[in-house]
Each structure stands twice: as C-alpha cells, then as structure tokens.
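One-letter residues, chain by chain:
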Amino acid sequence: MIEVQHVKMVYPNGVGALNDISVSIEQSEFVFIVGASGAGKSTLIRLIGREFLPSSGSIRVFGKEITRLRRREVSMFRRSIGVVFQDFRLLDNHSIFDNVAFAMQVVGATPREVRRRVPESLEMVGLTGKAKMKPHELSGGEQQRVCLARAIINQPSLIIADEPTGNLDPKTSMEIMELLRTINIRGTTVMMATHDSEIVNKMKQRVIRLADGKIERDEQRGVYSHYAH
Ligand code: ADP
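Just so we're clear, the structure is a prediction, and the values are computed from it rather than from any experiment.

What is the right way to look at the overall build of the chain in this model?
Regarding its fold elements, the chain presents seven helices and 10 strands. Counting only C-alpha atoms and orienting by the principal axes, one finds that the chain spans roughly 45 × 45 × 35 Å. Summed over its atoms, the accessible surface of the chain is roughly 11500 Å², and 48% of this surface lies on carbon and sulfur atoms. Averaging the locations of the 32 positively and 26 negatively charged side chains of the chain gives two centres separated by 6 Å.

Pasting the structure below:
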C-alpha cells in the first residue's frame, strides 16, 4: 500500500531530515513511527500525506507515484486519506456535526449522505449527543475523537496520524488508541508518529524507529526501545 524508496528530504534551509529511507507498508497494517525529537517522524508522515515533495526518491501510495501527481490529483489524493494531527485543527466557529460534514462535502457527498453518515461516524467515536456543540465546548480527548470521525468519514483505506495523543493525558490517549485500533481492525491501514513509549509498548504493533533521518530498526510487534530509560 505504501512503498517508500530511497527517500531523502533536505528542507530549503539546508536541514537534512531524511536520509535514504526505504520502507514498505502493507494494507491493514498498524505502524508506529518512533524516534527522538528531530529524528524525521513528522517529515516522513507528511511526505506520505503529500504535503510536500521529497528532495529525491520515490513514494508510491495505493500503487501511484505520489511525487508525480498533477495539482488536481494532489487534492484528490489528499482527500482519499484520513489525517489526524496533534493539535486537532477543528473549525472552532462550527459545530461538531459541521466539522465532520465538511470533509464529506469537499468530496461531493449529497446532503442526504451527509445527514446519514455524520451521525454514524460520531457514534463510532462515542460522541453521539455532541453534534451541536462547538469544539471549544469539548475536552481534548473529545476533540481528538471528532478528528477521528472526520478522518474516517470518507472511509479511507489509509490514516496517517502525527502525534495524535501529544496533547492528551495517558488515559485519554489509550482511549484514542483503542479507537484507532478498532478502525485498523476494520481494514484501514494506520501509520502513526509518536514518542509515547507507553502507548507503543502496550499496542504491540509494528514499530519503525528513526534516528537522524535513517531507519534504525523495523520490528513486527515491537517495543519503543530496547534500552531502559
Ligand atoms: P520529528 O517529527 O521526529 O521530531 P521532524 O520531521 O519534525 O522530526 O524534523 C526532522 C528535522 O527536520 C529536524 O532537524 C527539524 O528541525 C527539521 N525540520 C522539520 N520541519 C522543517 C521545516 N519546515 N523547515 C526546515 N527544517 C525542518
């Protein structure tokens, strides 16, 4: 599903973020990207989300070389995946319902489909009854649930998440992880950058560890680190 080959990323300011990364991720996998701050986790996630282009190398997602998409194809590609951020990025002047509905409207869903599917999606993440509220009226964990509802509303086969539990307490983080895992078990590939060792160790999924822009380790049912700290 994701095939990254010899990817290098040097930012315009000359900072090298990724140095010859090659990795492949199969359909329905759950993959953690771990590593110290500055290791390149976010850069890798954002390249796979086609936020920007690598300096060199190839990135194939769903069999398509996403480094060679035309502008229109880039928007289509971005809408075909679910994205979850650390800082939620909800529209604060709009209701929870609308925040999720917008993601459907941009792909041309009919009002009827929107009315049917948004409540289903909110139910899936445990937010039934909160549809009319505004994001600031919800807790951090609830806001992240809205983001998950928004990420899954168009039934993507891939979700990328960059530190989705970064602003949440440990208990709320585990609840979000359980939801992500449920989504994953239903068939969606999940790729998540995190530096939360407790979460990684509990989930027992594939762990790709980056260090200085390189893959240091890649293990099935991995742990955050072999070294105690
Ligand atoms: P991580 O997510 O593991 O903390 P990042 O991918 O954010 O790592 O960053 C990797 C390296 O790239 C760091 O040295 C960081 O300072 C640099 N970097 C990240 N984003 C940018 C940017 N937009 N412009 C310049 N350098 C960047």
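How should the nonpolar core be read in this particular structure?
For soluble globular proteins, nonpolar side chains are generally found buried alongside one another. One finds Phe 32, Val 118, Ile 159, Met 177, Leu 180 and Met 192 to be the most contacted residues of the largest nonpolar core, which totals 41 residues. Of all the secondary-structure elements, those providing two or more residues to this core are β3 (30-34), α3 (96-105), α4 (111-124), α5 (140-152), β7 (158-162), α6 (170-185), β8 (189-193) and α7 (197-203). With sequence-adjacent residues up to four places away left out, Val 118 is seen in contact with Phe 97, Val 100, Ala 101, Met 104 and Ile 153. Counting 31 residues, the second-largest nonpolar core is a separate cluster that includes Met 1, Val 4, Met 9 and Ala 39.

What should I look at first to understand empty space enclosed by the protein in this one?
The gaps left among the atoms become clear once a water-sized probe is rolled over them. Under the definition given, this model contains one cavity of 30 Å³ or more. The volume enclosed by the largest cavity comes to roughly 40 Å³. Secondary structure elements with two or more residues in the lining of the largest cavity: α6 and α7. Broken down by class, the residue content of the lining of the largest cavity amounts to three nonpolar, one polar and three charged.

I tried to follow the pairing of strand β4 (residues 56-61) on my own but got confused; where do I start?
Consecutive residues of a regular strand have side chains that alternate between opposite faces of the sheet. Here strand β1 (residues 2-10) runs beside β4; their pairing, made up of five bridges, is antiparallel. Each bridged residue has a counterpart across the sheet, and for Val 4 the counterpart in β4 is Ile 59. Sheet topology note: the β4/strand β5 (residues 64-65) ladder contains two bridges and is antiparallel. Paired with Arg 60 across the strands is Glu 65, a residue of β5.

Where do I start with the pattern of salt bridges in this structure?
Oppositely charged side chains are able to pair whenever their charged atoms sit close together. Tallying each qualifying case throughout the model produces 12 salt bridges. Taking the shortest distance from any N to any O, the salt bridge between Arg 206 and Glu 29 comes out at 2.9 Å. Placement of the pair is Arg 206 in strand β9 (residues 206-211) and Glu 29 in the loop between β2 (16-25) and β3, with a sequence separation of 177 residues. You can call Glu 29 buried: its relative accessible area is 14%. Close ionic contact of Arg 217 with Glu 219 constitutes a salt bridge, the shortest N to O distance being 3.8 Å. Among the residues examined, Arg 217 registers a relative accessible area of 15% and is labelled buried. The class of Glu 219 is partly exposed, set by a relative accessible area of 23%. Each of the salt bridges in this network shares a partner with another, and the network as a whole consists of Glu 29, Arg 206 and Asp 218.

Would you take a moment to explain the packing of aromatic side chains for this structure?
The geometry of an aromatic ring pair is captured by the separation of the ring centres together with the interplanar angle, meaning the angle of the planes. Here the structure, examined in full by the defined rule, presents three aromatic pairs. With a centroid separation of 5.2 Å and 55° between ring planes, the pair formed by Phe 30 and Phe 32 is classed as tilted. You'll find Phe 30 and Phe 32 in the same group, each marked buried. Over the aromatic face of Tyr 224 sits the side chain of Arg 209, whose NZ or CZ is 5.2 Å from the ring centroid.

I'm lost on the layout of surface pockets in this one. Help?
Its boundaries defined by the atoms lining it, the largest pocket holds a volume of some 530 Å³. Lining the largest pocket are 22 residues; nearest its centre among them are Arg 78, Arg 79, Ile 81, Val 83 and Arg 150. Sorting the residues of the lining of the largest pocket by element identifies α2 (71-79), β6 (82-85), α3 and α5 as the ones contributing at least two each. When the residues that make up the lining of the largest pocket are grouped by side-chain class, the tally is 12 nonpolar, five polar and five charged. Space inside the second largest pocket adds up to approximately 280 Å³. No other element matches the four residues that α4 contributes to the lining of the second largest pocket.

Cut-offs used in this document
- Residues numbered from 1 in each chain as written.
- Predicted model: local features only at pLDDT ≥ 70, side-chain atom pairs only at ≥ 80, totals over all residues.
- Heavy atoms only, no water.
- Helix = DSSP H or I, 4+ residues; strand = E, 2+ residues; numbered from the N terminus.
- Areas by Shrake-Rupley, 256 points an atom, 1.4 Å probe, with all protein chains shown as cover.
- Lys, Arg positive; Asp, Glu negative; His and termini not counted.
- Charge placed at Lys NZ, Arg CZ, Asp CG, Glu CD.
- Core = buried A, V, L, I, M, F, W, Y, C linked by side-chain atoms within 4.5 Å.
- Buried < 20%, exposed > 50% of the residue type's maximum accessible area, 1.4 Å probe, protein only.
- Contact = heavy atoms within 4.5 Å.
- 1 Å grid on protein atoms, 1.4 Å probe; cavity = no way out; pocket = protein on both sides within 12 Å on 5 of 7 lines; lining within 4 Å.
- Points joined across faces, edges and corners; volume = space filled by probe spheres on them.
- Nonpolar A, V, L, I, M, F, W, Y, C, P; charged D, E, K, R; others polar.
- Pairing = 2+ DSSP bridges.
- Salt bridge = Lys/Arg side-chain N within 4 Å of Asp/Glu carboxyl O.
- Phe/Tyr/Trp six-rings, centres within 6.5 Å; stacked < 30°, edge-to-face > 60°.
- Lys NZ or Arg CZ within 6 Å of the ring centre and 35° of its normal.

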